[in-house]
Amino acid sequence: MIKSLRIAFFSYLCFVLSDNALAQDPERGEELFKELESSFNNPIITNKYTADPAAFVHNGRVYLYVGHDQAPENEERYIMDEWLLYSSDDMVNWKEHLVPLKPSDFDWAIHSAWASEVVEKDGRFYWFVTAEHNDSKPGKAIGVAVADSPEGPWKDAIGKALITNDMTTQTDISWDDIDPTVFIDDDGTPYLYWGNRVCKYVKLKDTMIEMDGPIHTVDLPKFTEAPYIHKRGDWYYLSYAYDFPEKIAYAMSKSVTGPWEFKGILNEVAGNSNTNHQSIIEFEGNWYFIYHNGSIPIHGSSYHRSVCVDRLYYNEDGSIKRIVMTSEGIQP
């Protein structure tokens, strides 16, 4: 796969430059490719199509959990049969780990390794995932895997889904229970946010695998999907995919449960991808915005996405500056 992407990129480069001599000189082409490769770090992963990034920091290392777009190059549909794991200690060089988890690792799931997130609590790691439930409770569902290491091995923590389509009735679609994000507040209380078309949240018990109270909804302008919670200082930030094709917008609050004040657009439509999905982390004193686009030539698309990373900056009042998406990405 990586070879085919390199060839595609080189062919595209030759076409753009309209340089027949370059096309006939593989050694010069390889030199040019290496020069570009050394300065253009987005997308950060080029050997596979990756989407829906979820990142967290543990012991000085960033762990990045992503979905794998596996549709044939000319097919316009989501085929995602596994989640992937990469890690880095500098945000530039990424190590690929063995495939850590698939929908088939859950007895209740049948396909669709959609968006997920990993959090740590009390020395254990919890991976909240979206997958298609079997016919007993059809529709998208949210499950939880657990491990003693961010690299696994992972196992189903409950033996059933935590959230199923029949538990929420705000919409009549079968995919409204997707895109889980979990935030553990300063007092140790975990909260699960998720949703498509309607943003929902519920308090979790300390076990991380049980709800602790009713499901609530959050009224956000043009909410589509992909809620994500992070905190800086006294401010909580709820970012999410806005409208369609999706931008990322955000709101701010002094509490993880709101009320939320809408602050506006955070970043624009990402390349030629209709979807947009973000993860925001602080690493070694800097803040990073991790997202996907469809930018890999020539077959990048809404169904062949690629994860990218750019810096995130705050204003003095705590609001976030508009994200600048770059091809250069994070430099050494």
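Residues numbered from 1 in each chain as written. Predicted model: local features only at pLDDT ≥ 70, side-chain atom pairs only at ≥ 80, totals over all residues. Heavy atoms only, no water.

Caption draft 1: How the structure looks around the layout of surface pockets. Roughly 450 Å³ of volume is contained in the second largest pocket. Among the elements of the structure, β1 (50-58), β5 (109-121), β9 (181-184), β13 (223-232) and β17 (279-283) are those that each provide at least two residues to the lining of the second largest pocket. For the lining of the second largest pocket, the class distribution of residues is 13 nonpolar, one polar and four charged. (1 Å grid on protein atoms, 1.4 Å probe; cavity = no way out; pocket = protein on both sides within 12 Å on 5 of 7 lines; lining within 4 Å. Points joined across faces, edges and corners; volume = space filled by probe spheres on them. Helix = DSSP H or I, 4+ residues; strand = E, 2+ residues; numbered from the N terminus. Nonpolar A, V, L, I, M, F, W, Y, C, P; charged D, E, K, R; others polar.)

Caption draft 2: Structural context of the pattern of salt bridges. Considering all chains together, one arrives at 15 salt bridges under this definition. As a salt-bridge pair, glutamate 261 and lysine 263 come within 3.8 Å of each other at their nearest N and O atoms. Sharing partners across several salt bridges, the network here consists of Asp52, Asp69 and Arg305. (Salt bridge = Lys/Arg side-chain N within 4 Å of Asp/Glu carboxyl O.)

Caption draft 3: Up close: the sheet that holds strand β10 (residues 190-194). In space, the four strands of this open sheet follow the order β9-β10-β11-β12, with antiparallel pairing throughout. Only two strands of the sheet have a single partner each, and these edge strands are β9 and β12 (216-218). When strand polarity is set aside, the average angle formed by the axes of neighbouring strands in this sheet is 30°. (Pairing = 2+ DSSP bridges. Axes fitted to C-alpha atoms, helices over the stretch in contact; angles between N-to-C directions.)

Caption draft 4: Focus on the nonpolar core. Residues Leu64, Met91, Leu266, Ile281, Phe289 and Leu312 are the most contacted members of the largest nonpolar core, which totals 36 residues. Going through the elements one at a time, β2 (61-68), β3 (83-88), β13, β14 (235-242), β15 (247-253), β17, β18 (286-293) and β19 (306-312) are the ones with two or more residues in this core. Top contributing element to this core by residue count: β18, with five residues. Here leucine 266 is in contact with Ser239, Ile248, Ala249, Tyr250, Ile280, Phe289, Ile320, Lys321, Arg322 and Ile323, once residues within four sequence places are set aside. Counting residues in hydrophobic clusters, the runner-up holds 25 residues, among them Tyr63, Tyr65, Trp114 and Ala161. (Core = buried A, V, L, I, M, F, W, Y, C linked by side-chain atoms within 4.5 Å. Buried < 20%, exposed > 50% of the residue type's maximum accessible area, 1.4 Å probe, protein only. Contact = heavy atoms within 4.5 Å.)

Geometry only, nothing functional implied.
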